[in-house]
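Structural overview
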Amino acid sequence: MDSRQSRTTLRVRGYHLDGYGHVNNARYLEFLEEGRWSYFDDRPRVAALFASGKHAFVAVNLNIDFRRAAVAGDDLEVITQLAELGTRSARMHQVIRRCRDGKSVADADLIFVLLDVAANQAVTIDGEIRQALAPLVMPAE
């Protein structure tokens, strides 16, 4: 595994399912968010830059492609990476794979901006935050 990626696993439970017996589309948002939290848990230096509450990453766009159904009992792996770092926004790429066969269940691209919390305004991604993020960029395949 490339150190610029984070991987987290989870098991599909009954409460994740819809009436058709597969994971409800809204649950994938939660799975992806779990992957992003793990990404920052794995990078405490980056996470510490947000401890003051002065800045926050805010999602502004999320695109998901659903590839195949996941069902109860499936173990899934969420792979997360920073795919692009611009001056005003950045993109995270995520893939959800079924552990038993490695097949992609869904993949997503999330665009986020850096928010100045007090001003409630997006700001340029620069300084310490940019220096911490730049080495993590790994373009999506």
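Above this note sits the structure.
Now for a look at the structure at hand.

Thresholds applied
- Residues numbered from 1 in each chain as written.
- Predicted model: local features only at pLDDT ≥ 70, side-chain atom pairs only at ≥ 80, totals over all residues.
- Heavy atoms only, no water.
- Core = buried A, V, L, I, M, F, W, Y, C linked by side-chain atoms within 4.5 Å.
- Buried < 20%, exposed > 50% of the residue type's maximum accessible area, 1.4 Å probe, protein only.
- Helix = DSSP H or I, 4+ residues; strand = E, 2+ residues; numbered from the N terminus.
- Contact = heavy atoms within 4.5 Å.
- Polar contact = N/O pair within 3.5 Å; in protein donor to acceptor, adjacent residues only side chain to side chain.
- Salt bridge = Lys/Arg side-chain N within 4 Å of Asp/Glu carboxyl O.
- Phe/Tyr/Trp six-rings, centres within 6.5 Å; stacked < 30°, edge-to-face > 60°.
- Lys NZ or Arg CZ within 6 Å of the ring centre and 35° of its normal.
- Expected span 1.5 Å × (residues − 1).

A few points about the nonpolar core
Counting residues in each nonpolar core, the largest one holds 16 residues, and the members touching the most others are Val 46, Leu 82, Ile 125 and Leu 133. Looking at this core, the elements that each hand over two or more residues are helix H1 (25–41), strand S3 (75–85), strand S4 (90–98), strand S5 (104–116) and helix H3 (127–133). Ignoring anything within four residues of it in the chain, the contact list for Leu 133 reads Val 46, Phe 57, Leu 82, Leu 85 and Ile 125. Listed in part, the 13 residues of the second largest apolar core include Val 12, Val 78, Ile 96 and Val 105.

Notes on the side chain of Asp 107
Within the secondary structure, Asp 107 is located in strand S5. Within polar-contact distance, the side chain of Asp 107 engages the side chain of Arg 67 at 2.8 Å. Ignoring anything within four residues of it in the chain, the contact list for Asp 107 reads Asn 63, Ile 64, Asp 65, Arg 67, His 93, Gln 94 and Val 95.

Description of unusual backbone geometry
Look at Asn 120: it is not a glycine, yet its phi comes out positive at around 50°. Assessed through its relative accessible area of 62%, Asn 120 is described here as exposed.

A look at the pattern of salt bridges
Per the counting criterion, the structure on display carries 11 salt bridges. Notably, a salt bridge pairs Glu 30 with Arg 27, separated by 2.9 Å at the nearest N-O pair. Linking Glu 30 with Arg 27, this pair stays in helix H1, spanning 3 residues, or about one helical turn. Judged by its relative accessible area of 41%, Glu 30 is partly exposed. Within this structure, Asp 74, Arg 98, Arg 100 and Asp 101 form a network of salt bridges that share partners.

Some thoughts on the packing of aromatic side chains
One pass over the full model with this rule turns up 6 aromatic pairs. Between Phe 40 and Phe 57, the aromatic rings sit 5.8 Å apart at their centres with planes inclined by 35°, giving tilted as the arrangement. Of this pair, Phe 40 sits in helix H1 while Phe 57 sits in strand S2 (residues 55–66), placing them 17 residues apart in sequence. By way of ring pairs, the aromatic residues Tyr 39, Phe 40, Phe 50, Phe 57 and Phe 112 are connected into one cluster. In this arrangement the basic side chain of Arg 43 is found over the ring face of Tyr 39, its NZ or CZ atom lying 4.0 Å from the centre.

Concerning H1
Between its terminal C-alpha atoms H1 stretches 25 Å, which fits the 24 Å expected from 17 residues at 1.5 Å a residue. Within H1 the residues assigned to the buried category are Tyr 28, Phe 31, Leu 32, Gly 35, Arg 36, Ser 38, Tyr 39 and Phe 40. At its buried positions, H1 is contacted by strand S1 (5–11), helix H2 (44–48), S2, S3, S4 and S5. Of the residues flanking the start of H1, the one acting as N-cap is Asn 24, its side-chain oxygen 2.8 Å from the backbone nitrogen of Ala 26.

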